[in-house]
Amino acid sequence: MVKLTMIARVTDGLPLAEGLDDGRDVKDAEMYKQQVKALFKNLATHQNEPSRMSIETGPYVFHYIIEGRVCYLTMCDRSYPKKLAFQYLEDLKNEFERVNDAQIETAARPYAFIKFDTFIQKTKKLYQDTRTQRNIAKLNDELYEVHQIMTRNVQEVLGVGEKLDQVSEMSSRLTSESRIYADKARDLNRQALIRKWAPVAIVLGVVFLLFWVKTKIW
């Protein structure tokens, strides 16, 4: 069964809409919603992720599609047919684009399209029972195949993002430390030159002073 549904803008991870009564029968629903938000953040930071993916998390699977700057995501039982999950998301995508496409980029606050919940609930009901004639027909529809869609683990997906962030932070730190090292190296070179040539300068100064005094006396 479909458990959670959330929609977000890919460019910055801003949540745009969700199923308002989703998760009531899901243990630790808030934890899974936090995972979804972390996934949206990861997609916003690393926008080279596949446009369609399934991500395993506990007894459930996140399925998402990315289309037109928007990510449509649902969480289903592992036993729920992958094909129906993605067709459900396609239905949401088509309606969301039709109704809200012109306003997606200008949305400035979270859940700006919360009224889309009405369509989410109506569509979710159509996909809940996999044994209906309608859904059996969709499962047998060869025009929409999902065999090539990658399946990964949520820790793997989020862990990759964390590692990339750590590498970026380490690179920035090394760059900063390199600048500090270069400044210190210049200071050390300057001090070495002073120590090397200071005695010579003093001797030359003394000789010049003696010569000047001698010319004044004579």
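About the thresholds
Residues numbered from 1 in each chain as written. Predicted model: local features only at pLDDT ≥ 70, side-chain atom pairs only at ≥ 80, totals over all residues. Heavy atoms only, no water. Helix = DSSP H or I, 4+ residues; strand = E, 2+ residues; numbered from the N terminus. Expected span 1.5 Å × (residues − 1). Buried < 20%, exposed > 50% of the residue type's maximum accessible area, 1.4 Å probe, protein only. Contact = heavy atoms within 4.5 Å. Pairing = 2+ DSSP bridges. Core = buried A, V, L, I, M, F, W, Y, C linked by side-chain atoms within 4.5 Å. Lys, Arg positive; Asp, Glu negative; His and termini not counted. Salt bridge = Lys/Arg side-chain N within 4 Å of Asp/Glu carboxyl O. Polar contact = N/O pair within 3.5 Å; in protein donor to acceptor, adjacent residues only side chain to side chain.

Enquirer: Outline helix H3 (residues 117–128), supporting the account with residue identities and numerical values.
Expert: Under the 1.5 Å per step criterion, the end-to-end length of H3 is 16 Å for twelve residues, consistent within 8% with the ideal 16 Å. Within H3, burial applies to Asp117, Phe119, Ile120, Gln121, Thr123, Lys124 and Tyr127. Buried residues along H3 sit against strand S1 (2–9), strand S2 (15–18), helix H2 (82–100) and helix H4 (133–140).

Enquirer: Break down the pairing of strand S3 (residues 52–57) for me, with residues and values.
Expert: In terms of strand pairing, S3 meets strand S4 (residues 60–67) through six bridges, oriented antiparallel. Bridged to Glu56 within S4 is Val61. Where S3 folds back on S4, the antiparallel hairpin that results is connected by two residues, among which Gly58 adopts a positive phi of roughly 55 degrees. Across four bridges, the pairing between S3 and strand S6 (residues 150–153) is parallel. When the bridges of S6 are listed, Ser54 appears paired with Thr151.

Enquirer: How would you explain the nonpolar core if you had to name every residue and give the values?
Expert: Ranked by size, the top nonpolar core spans 26 residues in total, and within it Ile7, Leu16, Phe96 and Phe116 carry the most contacts. Elements that contribute at least two residues to this core include exactly S1, S2, strand S5 (70–77), H2 and H3. Here the element with the most residues in this core is H2; it accounts for seven residues. In contact with Phe116, other than residues within four places in its own chain, are Ile7, Ala17, Leu92, Glu95, Phe96 and Asn100. Counting 23 residues, the second largest nonpolar core, distinct from the first, contains Leu4, Phe62, Tyr64 and Leu158.

Enquirer: Any details on the side chain of Asp117? Residues and values, ideally.
Expert: Turning to its location among the elements, Asp117 is positioned in helix H3. Although Asp117 is buried, it forms no salt bridge, and the closest oppositely charged side chain is Lys124 at an N-O distance of 7.1 Å. Of note is the side chain of Asp117, whose polar atom sits 2.8 Å from the backbone nitrogen of Leu20. For Asp117, the contacting residues outside a window of four places in its chain are Glu18, Gly19 and Leu20.

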